[in-house]
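# Structural overview for review
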Amino acid sequence: MMKKAMTLCLLLAIGMTTSAQDNTDFERGIFNHLGVNVGVGTEGISFGLAAPLTSYLEVGASMSTTPTICSRSVVDIMTTDQTFGYTTLKMNIQRTAFDLRANVYPMGGNSTFFLAAGLSVGGGKLVDINAHSDGLEQYMHEHGQTTYTARENGYEYRFNSNGNIEAEAKVNNVRPYFGLGFGRLVNRHRMGFRFELGAQMMDKLKFYQDGREMVKEAGGDEEFYEKLSIYPVLRLTLTGRIF
């Protein structure tokens, strides 16, 4: 029993010494460590890599994607003088973007408070808008093409010769980002947790059809999402260090 106790104490002492050496010897230099991370938040699900430059600065790159959210509304199919029928207008909201960010730790060392700045690239098309009417397609093929439209939220969408509406809503492709939070992407320990709060400067949402920006009808109320030019970011991240 005494031998087992002595052996256990020796192993614990070795473990504590090794841990202390790991903490003491851990230094952040120019790309001398590599971290991986997975996050979830208002930007969707993210996967990324990160590396330190100094104890005051680290850089990271990640890809974020949001699951598709579909909104449907029933709209009338109109000509200039009559209503042809109705169809369902679908708005699919989805975006994938690449994020490049630098994190500054003002207090250096192993402190966790940071200020972040960077860019989100891609994902300019935020909403895919479409509709189809079999009856309208057949009618247009039999009687020749006439202008048919559908109105929703103050915008007038045109049907093409196949009875389809194809439009989209976009924001800027390149969006500056600023944020702050707690946690490092490259931890002293193998695993860690990070909290981040920030904002993307994306500009206002603009609607396009056939490559042209659509103009909202006079007197139409501006929806909340059309006023939103700053996209709020909240991200919770699980981090790991490869080496």
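Before going into details, it helps to say that this report is about the structure given with it. (Residues numbered from 1 in each chain as written. Predicted model: local features only at pLDDT ≥ 70, side-chain atom pairs only at ≥ 80, totals over all residues. Heavy atoms only, no water.)

## Description of the nonpolar core
Selection rule: Among the buried residues, those of types Ala, Val, Leu, Ile, Met, Phe, Trp, Tyr and Cys that are joined through side-chain atoms within 4.5 Å form a nonpolar core. Each residue gets one of three labels from its accessible area relative to the maximum for its type: buried under 20%, exposed over 50%, partly exposed in between, using a 1.4 Å probe on protein chains only. Note on conventions: DSSP H or I runs of at least 4 residues are helices, E runs of at least 2 residues are strands, and numbering of each starts at the N terminus. A contact between two residues is defined here by any heavy atoms of the two lying within 4.5 Å.
With 23 residues, the main nonpolar core has Leu-89, Ile-129, Tyr-157, Phe-159, Ile-165 and Phe-207 as its most contacted residues. Contributing elements (two or more residues each) for this core: strand S4 (69–78), strand S5 (83–93), strand S8 (125–132), helix H2 (134–143), strand S10 (155–158) and strand S11 (164–170). A total of four residues in this core trace back to one element, the largest contributor, which is S8. Apart from the residues within four sequence positions on either side, Ile-129 is in contact with Leu-89, Lys-90, Met-91, Tyr-157, Ile-165, Glu-166, Ala-167, Glu-168, Ala-169 and Phe-207. With five residues, the next largest nonpolar core counts Tyr-105, Phe-114, Tyr-177 and Val-233 among its residues.

## Thoughts on the packing of aromatic side chains
Definition in use: Side-chain rings of Phe, Tyr and Trp (the six-membered ring for Trp) are treated as a pair once their centres are within 6.5 Å; stacked means planes under 30 degrees apart, edge-to-face means over 60, and tilted covers the remaining angles. Consider the ring centre and the ring normal. A charge sits over the ring if Lys NZ or Arg CZ is within 6 Å of that centre and within 35 degrees of that normal.
As enumerated under the stated definition, the model contains five aromatic pairs in all. With a centroid separation of 5.7 Å and an interplanar angle of 75°, the aromatic rings of Phe-84 and Tyr-148 are classed as edge-to-face. Of this pair, Phe-84 sits in strand S5 while Tyr-148 sits in the loop between H2 and strand S9 (149–152), and the two are 64 residues apart along the sequence. In this structure Phe-84 comes out as partly exposed when scored by relative accessible area, which is 30%. With relative accessibility at 4%, the residue Tyr-148 sits in the buried group. Counting every residue linked through ring pairs, the aromatic cluster contains Phe-84, Tyr-139 and Tyr-148. In this arrangement the basic side chain of Arg-101 is found over the ring face of Tyr-177, its NZ or CZ atom lying 3.6 Å from the centre.

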